[in-house]
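# Architecture at a glance
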Number of protein chains: 2
Amino acid sequence: MDGIGDVFLADCPARLAVEVIADKWAVVVLWGLSEGPRRHGELVALIGGISKKVLTQTLRRLQTNGLVTRTEYGGVPPRVDYDLTPLGKTLMEPIRLLTTWAADNGEAVLAAQESA
Amino acid sequence: MDGIGDVFLADCPARLAVEVIADKWAVVVLWGLSEGPRRHGELVALIGGISKKVLTQTLRRLQTNGLVTRTEYGGVPPRVDYDLTPLGKTLMEPIRLLTTWAADNGEAVLAAQESA
DNA sequence: CGGTATCCTTTTAGATACTG
DNA sequence: CAGTATCTAAAAGGATACCG
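Read on for a plain summary of the structure. (Residues numbered from 1 in each chain as written. Chains lettered and ligands numbered in written order. Predicted model: local features only at pLDDT ≥ 70, side-chain atom pairs only at ≥ 80, totals over all residues. Heavy atoms only, no water.)

A few words on the protein's contact with DNA strand C. Looking at DNA strand C, there are 20 residues lining it, with Lys-52, Arg-70 and Tyr-82 of chain A together with Lys-24 and Lys-53 of chain B nearest. Each atom of DNA strand C within 4 Å of the protein was assigned to sugar, phosphate or base; sugar and phosphate come to 71%. Contacts to DNA strand C include Val-80 of chain A, whose backbone N or O atom sits 3.4 Å from a phosphate oxygen. Counting only elements with at least two residues in the surface near DNA strand C, the list comes to α3 (40–47), α4 (52–64) and β3 (79–84) of chain A together with α4 (52–64) of chain B. The element best represented in the surface near DNA strand C is α4 of chain A, accounting for four residues. Looking at the surface near DNA strand C residue by residue, the classes come out as eight nonpolar, three polar and nine charged. (Near = heavy atom within 4 Å. Polar contact = N/O pair within 3.5 Å; in protein donor to acceptor, adjacent residues only side chain to side chain. Helix = DSSP H or I, 4+ residues; strand = E, 2+ residues; numbered from the N terminus. Nonpolar A, V, L, I, M, F, W, Y, C, P; charged D, E, K, R; others polar.)

Judged by nonpolar contacts, the single largest core of 68 residues is most densely connected at Val-68 of chain A together with Val-68 and Leu-91 of chain B. Residues within four places of Val-68 of chain A in sequence aside, it is in contact with Leu-30, Leu-33, Leu-59, Leu-62, Gln-63, Tyr-82, Asp-83, Leu-84 and Thr-85 of chain A. (Core = buried A, V, L, I, M, F, W, Y, C linked by side-chain atoms within 4.5 Å. Buried < 20%, exposed > 50% of the residue type's maximum accessible area, 1.4 Å probe, protein only. Contact = heavy atoms within 4.5 Å.)

Reports often express the size of an interface as the amount of accessible area lost when the parts come together. Each partner contributes residues to the interface: chain A has 45 residues there, and chain B has 45 residues. Taking both sides of the interface into account, the surface hidden between chain A and chain B amounts to around 4000 Å²; carbon and sulfur atoms contribute 79%. The tally of links between chain A and chain B comes to zero salt bridges. On the surface where chain A and chain B come into contact, there are 10 residue pairs in polar contact (both at pLDDT 80 or more). (Buried area = accessible area lost by both parts, 1.4 Å probe. Salt bridge = Lys/Arg side-chain N within 4 Å of Asp/Glu carboxyl O.)

On to the protein's contact with DNA strand D. Not every one of the 19 residues close to DNA strand D is listed here, only the nearest: Lys-24 and Lys-53 of chain A together with Lys-52, Arg-70 and Tyr-82 of chain B. The contact atoms of DNA strand D, taken as those within 4 Å of the protein, divide so that sugar and phosphate hold 69%. Interatomic distance of 2.9 Å between a side-chain N/O atom of Arg-39 of chain B and a phosphate oxygen of DNA strand D. A distance of 3.4 Å is found between a phosphate oxygen of DNA strand D and a side-chain nitrogen or oxygen belonging to Arg-60 of chain B. Put simply, the parts of the chain that give the surface near DNA strand D at least two residues each are α4 of chain A together with α3 (40–47), α4 and β3 (79–84) of chain B. Sorting elements by how many residues they give to the surface near DNA strand D places α4 of chain B first, with four residues. When the residues that make up the surface near DNA strand D are grouped by side-chain class, the tally is eight nonpolar, three polar and eight charged.

Before going further, it helps to examine α3 of chain B. Among all positions of α3 of chain B, only His-40, Leu-43 and Ile-47 of chain B are buried. Within α3 of chain B, the buried residues cover an arc of 60 degrees as seen down the axis, which keeps them to one side. Where α3 of chain B is buried, its residues contact α1 (13–21) of chain A together with α2 (26–32), β1 (38–39), α4 and β3 of chain B. Gly-48 of chain B sits one or two positions beyond α3 of chain B and adopts a positive phi of about 75 degrees. (Arc of directions from axis to C-beta.)

This is the structure in structure tokens:
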């Protein structure tokens, strides 16, 4: 994927939005964190269908973008919590609108797909 | 990518939202159509950085999802207009919120990336 | 438990050239 | 003008096994 500092980004905020949310799991993972901190294993179970590896990758990317924190509590077995940053929380409202849209219009999209 | 009818979709609207918008260009192209119908070539120029091939692919996908119409006017040279469907227009409000978020918080994301 | 490492397949994107 | 065809490279995703 192109870097975030690329030439077109400055011209269009849509570019940055895409950069942040346009992968298969980012929105779903953020969604999974919307009600409070979660452990790695919790997220795997909560989300369903995501592998540990991909979840870790996705979380790392969200961390890099400043949307998620990773808190390591020592001990054996290890415990790691992920949580939204304040910045991450500001993204939840747009995401909520998006998922509301999906809930309301999913049927219509499905119907369009089937008739195509 | 997994089909939209997959097992997890029914459980979580976020899944459908992702299915629709989680590719590099979908949101940008929808954004490009937000002010009215556009021709293929117009979109290439307006968006910048997208190839004809990828634009066509993206538009086809949006069509399949019932978000965009393709209208062919006969003649030589050919003319084809793309426009949002009513369903597509309902997606613009969530997208607008998302791009507003990006405009407001882009700096913060950039800063997080650089310190990482 | 929360990862990595490895390997593999699929998907996406981009460049270029060609066509009706 | 609006594509399609071909080829290539890069990224994402997934399965499995192993590690501290």
